[in-house]
Amino acid sequence: MAEESQVAFRLLLVEDDKTQVDEFIKTVKPALPGLSFINVDNITDAVAILEQQDTDIMLLDLLLKGWNGLDLLRTVQEKNIHLPPTIVISALSVTPVIVRAMKSGATDYINKPFDPAELIRKIKELLKPENAVPASSAVPLAVGADIDFTQIDLETINPIILTDNQYLKDTLAKLPVISRNDCTVLIAGESGTGKELL
C-alpha cells in the first residue's frame, strides 16, 4: 500500500504485443517516477478500467487482434465515459486513419516502433496541469466505422498516400519501376498537392 500513496499518475496501456509492452516497461516506465500503469489487450477490459478508475493518460494501439483502437474510442463515446488524454501508437501510418483517430478524441499520435524519448516527452507534456482535459469538454464525434482494418494490407500499402483517384493510383503503381532506374524525374503539379511525398 505504501507504493500506492506515491502514485503520481495512472496510465492505461492498451496493447496486445508483448514485445511492445516489455519495451515500454524497460524504457519508458523508469523515466516516469510515480507512474502506475495497467496493460490490457481488449476493449472490454479497457472500458472497465476507464469506467472504474481514474486514468490520467491512455496509450492506445490502433491494430489489435480482432478489433481496432477506433472501436474503443467509439465505445467510450457511446457509453459517455470520460476519455483521458490519449496517445495513439501504431505501425499503421495511414493519414486518414490517424486523422480519424484524432477527430475521435485521441490527443496525439506516435509511430511504432516508438522512440522512447519521444513517447516520454509526449506523456510529460500531456500530464502538465495546463493540458488537462476536463470531463465536460467531451464533444460527440462521428467515429468512423467505415475504416475496415481487415482490408488494409500492411505489406503493400503506401504508408503516406491513400487515394481513390485513379490517375494517382496509376502514378503510384509506376514508382517501383521508375525507382530502379538511374534517371531524373520531374514531378509537376500545383503547390500543396503532395509532390514531395513521391
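Here the structure is a predicted model, which is why all the values come from computation and not from measurement. Per chain, residue numbering runs from 1 following the sequence as it is written. In view of the model being predicted, local features appear only for residues whose pLDDT reaches at least 70, and side-chain atom pairs are presented and counted only at 80 or more, with totals across whole chains, interfaces and linings using the full set of residues. For side-chain calculations, the full set of non-hydrogen atoms in the structure is used, while hydrogens and water are omitted.

Draft legend 1. Local environment of empty space enclosed by the protein. Grid spacing is 1 Å over the protein atoms alone, the probe is 1.4 Å, and a cavity is where that probe fits but cannot get out, while a pocket is an open set with protein on both sides within 12 Å along at least five of seven lines and lining residues have an atom within 4 Å of a point. Grid points are joined across faces, edges and corners, and a volume is the space filled by probe spheres set on the points. Within this structure, the stated rule accounts for one cavity of 30 Å³ or more. Computed from the structure, the largest cavity encloses a volume of approximately 70 Å³. In this structure, the largest cavity is lined by L13, V14, E15, Q20, F24, L59, L60, D61, I89, F114 and L119. Numbering of helices and strands runs from the N terminus; a helix is a DSSP stretch of H or I covering at least four residues, while a strand is a stretch of E covering at least two. For the lining of the largest cavity, the elements supplying multiple residues, two or more each, are strand 1 (9-14), helix 2 (18-28) and strand 3 (57-61). At three residues, the largest contribution of residues to the lining of the largest cavity is made by strand 3. Residues that form the lining of the largest cavity fall into these classes: eight nonpolar, one polar and two charged. Three residue categories are used. Nonpolar comprises Ala, Val, Leu, Ile, Met, Phe, Trp, Tyr, Cys and Pro, charged comprises Asp, Glu, Lys and Arg, and polar comprises the others, including Gly.

Draft legend 2. Spatial organisation of the nonpolar core. In plain words, nonpolar cores are sets of buried Ala, Val, Leu, Ile, Met, Phe, Trp, Tyr and Cys residues tied together by side-chain atoms within 4.5 Å. When accessible area is computed with a 1.4 Å probe and restricted to protein chains, residues below 20% of their type maximum are described as buried, those above 50% as exposed, and intermediate ones as partly exposed. In this structure, L12, V14, M58 and L72 are the most contacted members of the largest nonpolar core, which totals 27 residues. Contributions of two or more residues to this core are made by strand 1, helix 3 (43-52), strand 3, helix 4 (69-78) and helix 5 (95-103). A per-element tally of this core places helix 3 first, with five residues. With residues near it in sequence (within four places) discarded, M58 still touches L12, V14, L50, L72, L83, P84, P85, T86 and I87. The contact rule is simple, with two residues in contact once any of their heavy atoms fall within 4.5 Å.

Draft legend 3. Representation of the sheet that holds strand 6 (residues 86-90) in the model. A pair of strands is labelled paired if DSSP reports no fewer than 2 bridges between them. Here we have five strands laid out as an open sheet, ordered 2-1-3-6-7, and parallel in their pairing. Bordering the open sheet on either side are strand 2 (35-40) and strand 7 (108-111), each of which pairs with just one other strand. When strand polarity is set aside, the average angle formed by the axes of neighbouring strands in this sheet is 20 degrees. Taken together, the four bridges between strand 3 and strand 6 define a ladder with parallel strand orientation. Bridging across to strand 6, L60 finds its partner in V88. Along the sheet, helix 2 makes contact with strand 1, strand 2 and strand 3, crossing strand 2 at roughly 175 degrees. An axis is simply a line fitted to the C-alpha atoms; with a helix, the fit covers only the stretch in contact. Between two such axes, the angle follows the N-to-C directions and lies from 0 to 180 degrees.

Draft legend 4. Region of the structure containing the side chain of E15. Within the element layout of this structure, E15 appears in the loop between strand 1 and helix 2. Excluding anything up to four places from it in sequence, E15 contacts Q20, V21, N39, V40, D41, D61, L64 and K112.

Draft legend 5. Looking closely at the packing of helix 3 against helix 4. Following both chains from N to C, one finds helix 3 and helix 4 inclined at 40 degrees, their axes separated by 10 Å at the closest point. The angle between the axes of helix 3 and helix 4 places the two elements in the oblique class. Crossing of helix 3 against helix 4: the hand is right-handed. On helix 4, the residues that touch I43, A46, V47 and L50 of helix 3 are D71, L72, T75 and V76. Each residue belonging to the contact of helix 3 with helix 4 can be placed in one class, and the counts come to six nonpolar, one polar and one charged. Throughout, the term roughly parallel applies to angles under 35 degrees, roughly antiparallel to angles over 145, roughly perpendicular to angles from 65 to 115, and oblique to all others. By definition, any crossing whose near helix is turned counterclockwise from its far helix by less than a right angle is left-handed, and any crossing with a clockwise turn is right-handed.

Draft legend 6. Just the environment of F24, in detail. By the element assignment, F24 lies in helix 2. Distance from F24 to L119, taken between C-alpha atoms, is 9.5 Å for residues 95 residues apart in sequence. Those residues in contact with F24, other than ones at most four positions away along the chain, are L11, L13, K29, L35, F37, L59, F114 and L119.

As far as function goes, none of this settles anything; it's purely spatial.
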